[in-house]
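# Structural overview
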Amino acid sequence: MGRPRKYRQVCKMPSCTQFAPMHSGEEETTVVMSIDEYEVIRLIDLNKMTQEECARQMNIARTTVQKVYDEARNKLARFIVDGAKLVIDGGDVRYCENDECIALHGKPCRCRKN
């Protein structure tokens, strides 16, 4: 029996959770990106955080961030290259409140401002 998964701290939900290519009439492959994979992409690529900063923000190990980031980038590549539909949903996440972020990180979430 494996260890239970640790919940990943997520501070901002995506405003849009489904993306699809403009072409129609073809059966589309669907790529499902978890909310924690979305959060890692948002923190590292959009907010320009390091993997270490991202790990602290999400309350997980840096090696976990690296694994999640690699998986998320692979899914983004399949979405773009293969013309797949992208759906953001699921994952072992916990949504933080600003007070929790202050307790965890000593300051309010930077992501709340984005």
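Our structure is the block above this text.
Thresholds, definitions, all that
- Residues numbered from 1 in each chain as written.
- Predicted model: local features only at pLDDT ≥ 70, side-chain atom pairs only at ≥ 80, totals over all residues.
- Heavy atoms only, no water.
- Buried < 20%, exposed > 50% of the residue type's maximum accessible area, 1.4 Å probe, protein only.
- Helix = DSSP H or I, 4+ residues; strand = E, 2+ residues; numbered from the N terminus.
- Pairing = 2+ DSSP bridges.
- 1 Å grid on protein atoms, 1.4 Å probe; cavity = no way out; pocket = protein on both sides within 12 Å on 5 of 7 lines; lining within 4 Å.
- Points joined across faces, edges and corners; volume = space filled by probe spheres on them.
- Expected span 1.5 Å × (residues − 1).
- Salt bridge = Lys/Arg side-chain N within 4 Å of Asp/Glu carboxyl O.
- Contact = heavy atoms within 4.5 Å.
- Core = buried A, V, L, I, M, F, W, Y, C linked by side-chain atoms within 4.5 Å.
- Axes fitted to C-alpha atoms, helices over the stretch in contact; angles between N-to-C directions.
- Parallel < 35°, antiparallel > 145°, perpendicular 65-115°, else oblique.
- Nonpolar A, V, L, I, M, F, W, Y, C, P; charged D, E, K, R; others polar.

## Quick look at the pairing of strand β3 (residues 30-33)
Going residue by residue along β3, you find V31 and M33 tucked away on one face and T30 and V32 left uncovered on the opposite face. Note that β3 and strand β4 (residues 85-88) share four bridges and pair parallel. What sits directly across from V31, in β4, is L86.

## Some details on the layout of surface pockets
Volume-wise, the largest pocket comes out at about 350 Å³. For the lining of the largest pocket, the secondary structure elements donating two or more residues are α1 (35-46) and α3 (62-82). If one sorts the elements of the lining of the largest pocket by residue count, α3 sits on top with four residues.

## Comments concerning α1
One turn of an α-helix holds 3.6 residues; hence residues three or four places apart share an orientation. Helix length check: α1, at 12 residues, gives a terminal C-alpha distance of 15 Å against a target of 16 Å (1.5 Å per residue), a fit within 8%. All of the buried residues in α1 are I35, D36, E37, Y38, E39, V40, I41, R42, L43 and I44.

## Examining the pattern of salt bridges
The tally for this structure, following the rule as stated, stands at three salt bridges. The partner of K75 in a salt bridge is E37, and the shortest N-O contact between them spans 3.0 Å. In this pair, K75 sits in helix α3 while E37 sits in helix α1, placing the two residues 38 residues apart along the sequence. Taking relative accessible area as the criterion, K75 reaches 18% and is therefore assigned buried. Residue E37 is classed as buried on the basis of its relative accessible area of 3%. Notably, a salt bridge pairs E52 with R62, separated by 4.0 Å at the nearest N-O pair.

## Some remarks on the environment of Y7
Along the polypeptide, Y7 turns up in the segment before β1 (8-10). The class for Y7 is exposed, based on a relative accessible area of 51%. Discounting chain neighbours no more than four positions away, the residues touching Y7 are M58, I60, D92, V93 and R94.

## Considering the nonpolar core
With 22 residues, the main nonpolar core has M33, V40, I44, C54, M58 and V65 as its most contacted residues. Every element with two or more residues in this core is listed here: β3, α1, α2 (51-58), α3 and β4. No other element matches the six residues that α1 contributes to this core. Discounting residues that sit within four places of it in the chain, V65 has contacts with V40, I44, Q51, C54, A55 and I60.

## Some details on the packing of α1 against α3
In the contact formed by α1 and α3, the axes pass within 9 Å of each other and the chain directions differ by 95 degrees. The pairing of α1 with α3 is recorded here as roughly perpendicular in orientation. Where α1 abuts α3, its residues D36, E37, V40, I41, I44 and D45 lie against V65, V68, Y69, E71, A72, R73, K75 and L76. A per-class count over the contact of α1 with α3 returns eight nonpolar, no polar and six charged.

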